[in-house]
Amino acid sequence: YQRFSEKYNIVLNLQQQRAVQAVSGANLMIAVPGSGKTTVMVARMGYMIYCKGIAPENILAITYTKSATNDIKQRFAQKFDKNIADRLNIRTINSLCEQIITRYVQKYNRPNRYKLLNENEQCAIIKSIYTSITGDKFPHEADIIEAQTKISYIKNMMLTTPELREEYLPEDSIYENFYNKYEDALKSNQRMDYDDQLRFAKIFLEKKPDLLCEFQDKYQYICVDEAQDTSKIQHEIVRLLASKRNNVFMVGDEDQSIYRFRAAYPQALLSFADIYINPYVLFLETNYRSTKQIVSAAQSFISHNINRHSEKYMRSSRGDGKPIKRINVMKKHEQYSTVAEASMQDHGQMAILYRNNANAIPLMDLFLRKNIPFQRLKDAGENFFTCKVVQDIVYFLRFAINPNDADAFKQIYYKCGYGFNQRAANWSCTKSLQKGISISDELINQLSKWRSLEQKALDFKEKMKRIAASAPQDAIDMICNYWYRDYAREKELDIGKCDILYSLAVQEKTITGFLEHLELLPKLIENYHCSAENPVILSTIHSAKGLEFDIVYIVDAYDGSLPHSDRETAKEQERIDNYEEERRLFYVAITRAKNELYLLSVNEYRTAFINEIVPEAHTNKDNEVNVVFKDKHTLLSDTLKPIIVSGMINNVTETTSIPAQPYKRSISEYISETNDQPNPVSEEKTTMSKQQKYEIGLSDVSDKFTQ
Ligand code: ATP
Ligand code: MG
């Protein structure tokens, strides 16, 4: 190891070195963000190849997202060798399963009935089943998403029919029926969904011992990064593959579990010891990534979650760094222009993180306009331009500027809440064309027999006229205020999409110009290729998991977006679980930053999460705020000088900060208070308890405290 680490310039602490050398057997590493989990995984693969002579082809590294697979590959290529990096198997679990299915088809000469269903097809199938069961012809978008999530959950949790009944009955009795119908539809279309990929791969491995054996011999060493987001069925696939040799290295952090909606199963980390033979558990708590300010804020932020498997104490190895800054803007769209402005200044590697894929659209639009090189990371498809809300608003705008646009009129008249009937609407389109008058005028004629309806038609015409004479962003606001917000609320559509349209519209002078730009923008985005050296990274928080950046800006972190608001039908427990997941998501976001962290807040909204990190009251005249820490784990950096504790923990020098005041307690009290909850997994397996470790550490430096 010594020669290896010198040759490749690998600097790791002792616990990390142990992990690198734990090549065979079952190893679990539980660790805080930025503590070197992925670094260790990469170094370990190097060690296996260069010191143990293991072929790169025999190593399988699984991680959760495509961007993370690229990251691991890149890290390996940088540290060791690009050609070897190409020979390693670094995959997402779905890509592994795809490989298993393809091999099954080929090996047993089976017809390939395993074509993947795309998202639109899946939605269409779910919609039609929903309609057939409930009789509701226009199901809400949210109902479809909920059904989709439940199907995915059932498959990932491997629920049997009785379990399914227990889980969803009696309130949601439609799901058993729903699930069966959905499965039939897939079968008859010879399709499988994303989760079937896992299911089929698992079935084939179980059914065909020689197929399993082939993959076991191929993937002799398995490592799993981000294991907290691995679902039950995914864990089962890993277990099957590892069952012959018991060589598995699993790395995770339950506090960063952010895929509950895809049935992430972080509890599996706790049962690791029951599943694998002779398990060894390692534990890392030093964050090497971020400055102390960021680490302290993150540590305090996550400690408010109740549902944690273990209380971890995260310490930073770095200096204090710059304070976390809050930047307040008046309107949502100003967030985007503010960060675009910031990206034009000289900077290190910078990333802008947001909750939803759609939030990237106004950012990309600005970056294209200002010629700022950017790279967007995304795992999911983009459907902003084709989604219902956006299309509806476009029809409204089209009709406002062209009162004879019959296509547009037919899409909007029933969304205004006036109660115009379909016959009158169609008739108005035909007649107005013959008479050479506007559709609204003909509608007024048609309805003149009924006073109140005539009034409504007049109101409609008048408002459309006002909209047509407005700037595009105001026009969008008016459409929402007059009619569309109510319609969207009733149909549970995501009205937030209108804010994105608004942000795009402020860049244009006329409605016509805006509509033209909206046609063009998806193509501009699609054809954009960045060749610049250091582009600004645009990413959802989900896709940024595992990555790190010098400077991080977080946008759209206001209540309703992050934390997200629940559906009105959500149950109490669901609300609590959702909120904790939102907290973990924000925790993942803030722990991406190495040196500087900026939180954008919008004045008209409450920002619960940002307020916790940087309280509102401390905003100065430049709308920037410095961090004021609140709890005992953190230090009041401006007023108190921290005492640095250095000690030997497992023979490694670890450094941590402890506030000198106002906690006038003996150090042993402090330590026992912060560390009295041993990690349930690591406690038994590591040789020393954390308490013991600290005691050893402190005896060496106790002099410092008496000064
Ligand atoms: P995440 O939980 O976000 O996935 P992680 O635990 O995988 O984080 P890494 O990305 O591996 O953490 O490491 C974070 C940073 O710390 C990297 O820049 C890495 O180079 C650095 N690092 C890791 N270990 C050490 C060490 N022993 N000494 C100095 N720097 C280190
Ligand atoms: Mg990582």
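How each quantity is defined
Along each chain, residues carry numbers from 1 onward, in the same order as the chain's sequence is written. Both sets of labels track the order of writing: A upward for chains, 1 upward for ligands. For a predicted model such as this one, the threshold for reporting local features is a pLDDT of at least 70, and the threshold for listing and counting side-chain atom pairs is 80 or more; totals across whole chains, interfaces and linings nevertheless cover every residue. Runs of E in the DSSP output that reach at least two residues are strands. Runs of H or I that reach at least four are helices, and both are numbered from the N terminus. Every C-beta atom is placed from the backbone, and the number of other C-beta atoms within 10 Å of a residue's own sets its class: buried at 20 or more, exposed at 12 or fewer, partly exposed in between. Two residues qualify as being in contact provided that their C-beta atoms, derived from the backbone, are within 7 Å of each other. Here is the check we use: build the C-beta atom from the backbone, and if it is within 6 Å of the molecule or strand, call the residue near. Expected span of a helix: the number of residues minus one, times 1.5 Å. The term nonpolar core refers to a group of buried residues, namely Ala, Val, Leu, Ile, Met, Phe, Trp, Tyr and Cys, whose C-beta atoms join them within 7 Å. Any two strands with at least two DSSP-identified bridges between them are counted as paired. Fitting a line to C-alpha atoms yields each axis, with helices limited to the stretch in contact; the angle taken between N-to-C directions then spans 0 to 180 degrees. Confidence of the prediction at every residue is given by pLDDT, a number between 0 and 100. Small angles under 35 degrees read as roughly parallel and large ones over 145 as roughly antiparallel, with 65 to 115 read as roughly perpendicular and the rest as oblique. Helix crossings are classified by the rotation of the near helix relative to the far one: an anticlockwise turn of less than a right angle makes the crossing left-handed, while a clockwise turn makes it right-handed. Gly is put with the polar residues, along with every residue not named as nonpolar or charged; the nonpolar set is Ala, Val, Leu, Ile, Met, Phe, Trp, Tyr, Cys and Pro, and the charged set is Asp, Glu, Lys and Arg.

Turning to the overall build of the protein, a few remarks are in order. Within the protein one finds 32 helices and 19 strands. In the protein, buried positions account for 40% of the 707 residues. Summarising the internal contacts of the protein: among those between residues at least 6 apart in sequence, 76% fall at separations of at least 24.

It is worth spelling out the site of ligand 1 at this point. Gly 36, Lys 37, Thr 38, Thr 39 and Tyr 288 are the nearest of the 18 residues found near ligand 1. Sorting elements by how many residues they give to the shell around ligand 1 places helix α3 (residues 37-50) first, with three residues.

Further remarks concern helix α8 (residues 141-156). The first and last C-alpha atoms of α8 sit 23 Å apart over 16 residues, in line with the 22 Å expected at 1.5 Å per residue. Along α8, the positions that sit buried rather than exposed are Ala 147, Lys 150, Ile 151, Tyr 153, Ile 154, Lys 155 and Asn 156.

A word on the nonpolar core. Ala 61, Ile 222, Ile 352 and Leu 599 are the most contacted members of the largest nonpolar core, which has 169 residues in total. A total of eight residues in this core trace back to one element, the largest contributor, which is α3. Leu 599 has contacts with Ile 324, Arg 326, Ile 554, Ala 557, Ile 610, Ile 613 and Val 614, leaving out every residue within four places of it along the chain.

Residues spaced three or four apart along an α-helix point in a common direction, a consequence of the helix completing one turn every 3.6 residues. Taking 1.5 Å of rise per residue, the 14 residues of α3 would be expected to cover 20 Å, and the 20 Å separating its terminal C-alpha atoms lies within 8% of that figure. Counting buried positions over the 14 residues of α3 gives 13, a clear majority of the element.

Turning our attention to the sheet that holds strand β7 (residues 248-252). Taken together, six strands build an open sheet; the order of strands is β3-β2-β6-β7-β1-β8 and the sheet is parallel. Single-partner strands in this sheet number two, and they are β3 (89-92) and β8 (280-284). Each neighbouring strand pair of the sheet contributes to a mean axis angle of 15°, computed without reference to strand direction. Across four bridges, strand β2 (residues 59-63) lies against strand β6 (residues 221-224) in parallel orientation. Paired with Ile 62 across the strands is Val 224, a residue of β6.

All right, on to unusual backbone geometry then. With an omega dihedral of 0°, the bond running from Leu 562 to Pro 563 counts as a cis peptide bond. Tracing the backbone shows Pro 563 in the loop between β15 (549-554) and α27 (572-590). Despite not being glycine, Asn 9 has its phi angle at roughly 55°, a positive value. Take Asn 9: it is sitting in the loop between α1 (2-7) and α2 (14-21). A positive phi angle, near 55°, is found at Asn 109, a position not held by glycine.

With that settled, consider the environment of Ile 100. If you trace the backbone, Ile 100 turns up in helix α6 (residues 93-107). Sequence separation of Ile 100 and Asn 603 is 503 residues, and the distance between their C-alpha atoms is 51 Å.

In low-pLDDT segments, the atomic positions of the prediction should not be examined closely. When the pLDDT values of the protein are averaged, the result is 84; 85% of them are 70 or greater. Model confidence for the complex: the whole-complex pTM is 0.83, and ipTM, which rates the interface, is 0.99.

Turning our attention to the packing of α2 against α3. Direction vectors running N to C along α2 and α3 enclose 45°, while the axes themselves pass 8 Å from each other. What the angle tells us is that α2 and α3 run oblique. Considering how the two elements wind past one another, α2 and α3 form a crossing that is right-handed. Each of Gln 16, Ala 19, Val 20 and Gln 21 in α2 lies in contact with α3, whose residues at this interface are Val 40, Ala 43, Arg 44 and Tyr 47. Across the contact of α2 with α3, the residue classes break down as five nonpolar, two polar and one charged.

Turning our eyes to something else, we now look at the pairing of β8. Among the five residues in β8, four count as buried, and that is most of the element. Where strand β1 (residues 26-31) meets β8, five bridges bridge the pair, whose relative direction is parallel. Its bridge partner lying in β8, Met 29 is registered against Leu 282.

The next subject is the environment of Ser 337. As for its placement among the helices and strands, Ser 337 is situated in helix α16 (residues 332-344). Residue Ser 337 is classed as partly exposed on the basis of its 18 C-beta neighbours within 10 Å. Each C-alpha atom, one on Ser 337 and one on Leu 366, is 7.3 Å from the other, the two residues being 29 residues apart in sequence.

In this section: the packing of α3 against helix α4 (residues 66-79). Axis separation between α3 and α4 bottoms out at 10 Å; the angle between their running directions is 55°. As judged from the angle between their axes, α3 and α4 are oblique. Crossing hand, α3 versus α4: right-handed. Contacts from Thr 38, Val 42, Met 45 and Gly 46 in α3 reach Ile 72, Arg 75, Phe 76 and Lys 79 in α4. Looking at the contact of α3 with α4, its residues break down into four nonpolar, two polar and two charged.

Here the focus is the environment of Asp 559. You can see Asp 559 is positioned in the loop between β15 and α27. Given 16 C-beta atoms within a 10 Å radius, Asp 559 is considered partly exposed. Through-space distance from the C-alpha of Asp 559 to that of Ala 608 is 6.4 Å; in sequence the pair is 49 residues apart. Beyond its immediate stretch of four places on either side in the chain, Asp 559 contacts Tyr 605, Arg 606, Thr 607 and Ala 608.

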